Amino acid sequence: METVSASTYDVHFTEVAKATIRQHARNTTYSKVFLLVDTNTRKLCLDKFEAIVDFKIDAIIEIKPGEEHKTIATCLEVWQQLSDLGADRKSLLINLGGGVVTDLGGFVASTFKRGIDFINIPTTLLAMVDASIGGKTGVDLGVLKNQVGVINQPVMVLIFPEFLATLEERQLKSGFSEMLKHGLISDSTYWEELINTKDFSSTDFIRKSVAIKNSVVLQDPIEKGIRKKLNYGHTIGHAIESYFLDSPHLKTLLHGEAIAIGMILEGYFSHELSGLSKLDLNEIKKAFLSHFKKVDFTDQDIEIIIDLLKHDKKNTHGNVNFVLLQEIGIPILDVKVPLELFKKAFAYYKE
């Protein structure tokens, strides 16, 4: 399976991806083609990118790496550069990078001149299996994740697993966390395969995760229903990620590291509220802690994280809504969790 078909675009892999972008460039009359990178992808991935494309890039736009630069201020810089470089409505923006680049680049393209074409070429495992797929674009508002953005689809997504050779193991594990989520919310057999593998960046697993996410998005493009299940672990996980991002005395957590904690905590909620067995709960905890070291949370940390939950973009009418599990592979949407369970969940995590 070298192509996964979405509603208005396709996700292409390896040689098919290379042939597709070359053909697209030949068959399309873009006024100018721009490449968005961050400092890391310019240094580590540009040579590989230049070996893939056989057409002219008019300009490279570089942003600073990291979640802390996924802001409107960075968008302003990119919009200004596009304008200064003569971009118009018939221009193309290629986003080469991890989730920050594809999220921010997609938002910039979706809003510049009321929308120009963009192509995502993810270079991290997290971006390949999650961030670049599904049309969610956007930036953070302060430390609050993805508060400003639009859902808008790329022209195509191109996946080249060779980019993963540029990543540290910590980054690979961050992406693997999202793959484990795909098993938990959709496919217990896939979950079993993942927890028993040592090759968590295999191309077969990447294709499987892309196919799972894509099938969910096809059913619910703008997240009115079933797409919410992709948020498992993210409601409290995003609050944890935001807290660490805003705490200079703490080491910043990568997205997948924060979401891994979120999936254990929301697994505890699932055991208490939606029927997840203790056996499955303990298996979930064991699986994530085999890849991610425990984080030490103080009582004050927990209070602040709970407060941050109020800002989650999935909340409605003042309610904090969670995706929980009935069993591995079967999620339940829009569950309200009593406040007294939060501290119990953290206590279970810390056991």
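Residues numbered from 1 in each chain as written. Predicted model: local features only at pLDDT ≥ 70, side-chain atom pairs only at ≥ 80, totals over all residues. Heavy atoms only, no water.

Caption draft 1: Quick peek at the overall build of the protein. Summing up its helical and strand segments, the protein has 13 helices and eleven strands in all. What you see for the protein is a C-alpha radius of gyration of 20 Å, in line with the 20 Å of a compact globule of 351 residues. In terms of overall dimensions, the protein has C-alpha extents of about 60 × 40 × 35 Å along its principal axes. Counting all 351 residues of the protein, 56% fall into the buried class. For the protein, long-range pairs separated by at least 24 residues make up 76% of all intrachain contacts whose partners lie at least 6 apart in sequence. Working note: accessible area of the protein is about 14,900 Å², and carbon and sulfur atoms make up 50% of it. Both charge centroids of the protein, one from 40 positive and one from 46 negative side chains, sit 2 Å from each other. (Helix = DSSP H or I, 4+ residues; strand = E, 2+ residues; numbered from the N terminus. Rg over C-alpha atoms; globule rule 2.2 N^0.38 Å. Buried < 20%, exposed > 50% of the residue type's maximum accessible area, 1.4 Å probe, protein only. Contact = heavy atoms within 4.5 Å. Areas by Shrake-Rupley, 256 points an atom, 1.4 Å probe, with all protein chains shown as cover. Lys, Arg positive; Asp, Glu negative; His and termini not counted. Charge placed at Lys NZ, Arg CZ, Asp CG, Glu CD.)

Caption draft 2: Examining the sheet that holds strand 9 (residues 156–159) more closely. Reading across from one edge, 1-2-9-6-5-3-4 is the order of the seven strands in this open sheet, with mixed pairing throughout. The outermost strands of the open sheet, each flanked by one partner alone, are strand 1 (3–5) and strand 4 (59–63). In this sheet, neighbouring strand axes are inclined to one another by 20° on average, regardless of whether the strands run parallel or antiparallel. Here strand 1 runs beside strand 2 (residues 10–13); their pairing, made up of three bridges, is antiparallel. In the sheet register, Thr3 faces strand 2, and the bridge partner there is His12. Together, strand 3 (33–38) and strand 4 form the strand contacts of helix 3 (residues 72–84), whose direction differs from that of strand 4 by roughly 165°. (Pairing = 2+ DSSP bridges. Axes fitted to C-alpha atoms, helices over the stretch in contact; angles between N-to-C directions.)

Caption draft 3: Main features of the environment of Lys136. Structurally, Lys136 can be placed in the loop between helix 5 (125–131) and strand 7 (139–141). The class of Lys136 is partly exposed, set by a relative accessible area of 31%. Placed 30 residues apart in sequence, Lys136 and Gly106 show a C-alpha to C-alpha distance of 8.1 Å. Each residue touching Lys136, except ones within four places of it in the same chain, is listed here: Asp103, Ala131, Val150, Ile151, Glu223, Arg227 and Asn231. Within the structure, Lys136 has its side chain in polar contact with the side chain of Glu223 (distance 2.5 Å). (Polar contact = N/O pair within 3.5 Å; in protein donor to acceptor, adjacent residues only side chain to side chain.)

Caption draft 4: Just unusual backbone geometry, in detail. Although it is not a glycine, Arg114 adopts a positive phi angle of roughly 65°. Here Arg114 is to be found in the loop between helix 4 (99–111) and strand 6 (117–122). The exposed category is assigned to Arg114, whose relative accessible area is 77%. A positive phi angle, close to 55°, is found at Asp334, a residue other than glycine. Along the chain, Asp334 falls in strand 11 (residues 330–336).

Caption draft 5: Inspection of the pattern of salt bridges at higher detail. Per the counting criterion, the structure on display carries 18 salt bridges. A salt bridge links Asp54 to Arg26, with the shortest nitrogen-to-oxygen separation between them at 3.7 Å. In this pair, Asp54 sits in the loop between helix 2 (39–52) and strand 4 while Arg26 sits in helix 1 (residues 14–27), placing the two residues 28 residues apart along the sequence. The partly exposed category is assigned to Asp54, whose relative accessible area is 46%. (Salt bridge = Lys/Arg side-chain N within 4 Å of Asp/Glu carboxyl O.)

Caption draft 6: Summary view of the nonpolar core. Grouped together as the largest cluster of nonpolar side chains are 94 residues, with contacts concentrated most on Ile94, Ile121, Ile240, Phe288 and Phe297. Ranked by residue count, the leading element in this core is helix 10 (residues 255–273), at nine residues. Contact partners of Phe288, with chain neighbours within four places excluded, come to Ser177, Leu180, Leu184, Trp191, Ala260, Met263 and Ile264. Among the nonpolar cores identified, the runner-up in size contains 19 residues, and Val78, Leu104, Phe107 and Val108 belong to it. (Core = buried A, V, L, I, M, F, W, Y, C linked by side-chain atoms within 4.5 Å.)

Caption draft 7: Region of interest: the packing of helix 12 (residues 299–308) against helix 13 (residues 340–350). Contact geometry for helix 12 and helix 13: axes closest at 11 Å, N-to-C directions at 130°. By the angle class used here, helix 12 and helix 13 are oblique. Considering how the two elements wind past one another, helix 12 and helix 13 form a crossing that is right-handed. Taking contact as the criterion, the partners of Ile302, Glu303, Ile305 and Ile306 in helix 12 are, on helix 13, Phe342, Lys343, Phe346 and Lys350. Its residues assigned to classes, the contact of helix 12 with helix 13 comprises five nonpolar, no polar and three charged. (Parallel < 35°, antiparallel > 145°, perpendicular 65-115°, else oblique. Left-handed = near helix turned anticlockwise from the far one by under 90°. Nonpolar A, V, L, I, M, F, W, Y, C, P; charged D, E, K, R; others polar.)

Caption draft 8: Examining the pairing of strand 6 more closely. Burial runs high along strand 6: five of the six residues are buried. Note that strand 5 (residues 92–97) and strand 6 share six bridges and pair parallel. Paired with Gly97 across the strands is Pro122, a residue of strand 6. Note on the crossover from strand 5 through helix 4 to strand 6: the handedness is right-handed. Inspection of the sheet shows strand 6 paired to strand 9 by two bridges, in the parallel sense. Its bridge partner being in strand 9, Asn120 is matched across the sheet by Val157. (Right-handed = clockwise from strand over helix to strand, strands pointing away.)

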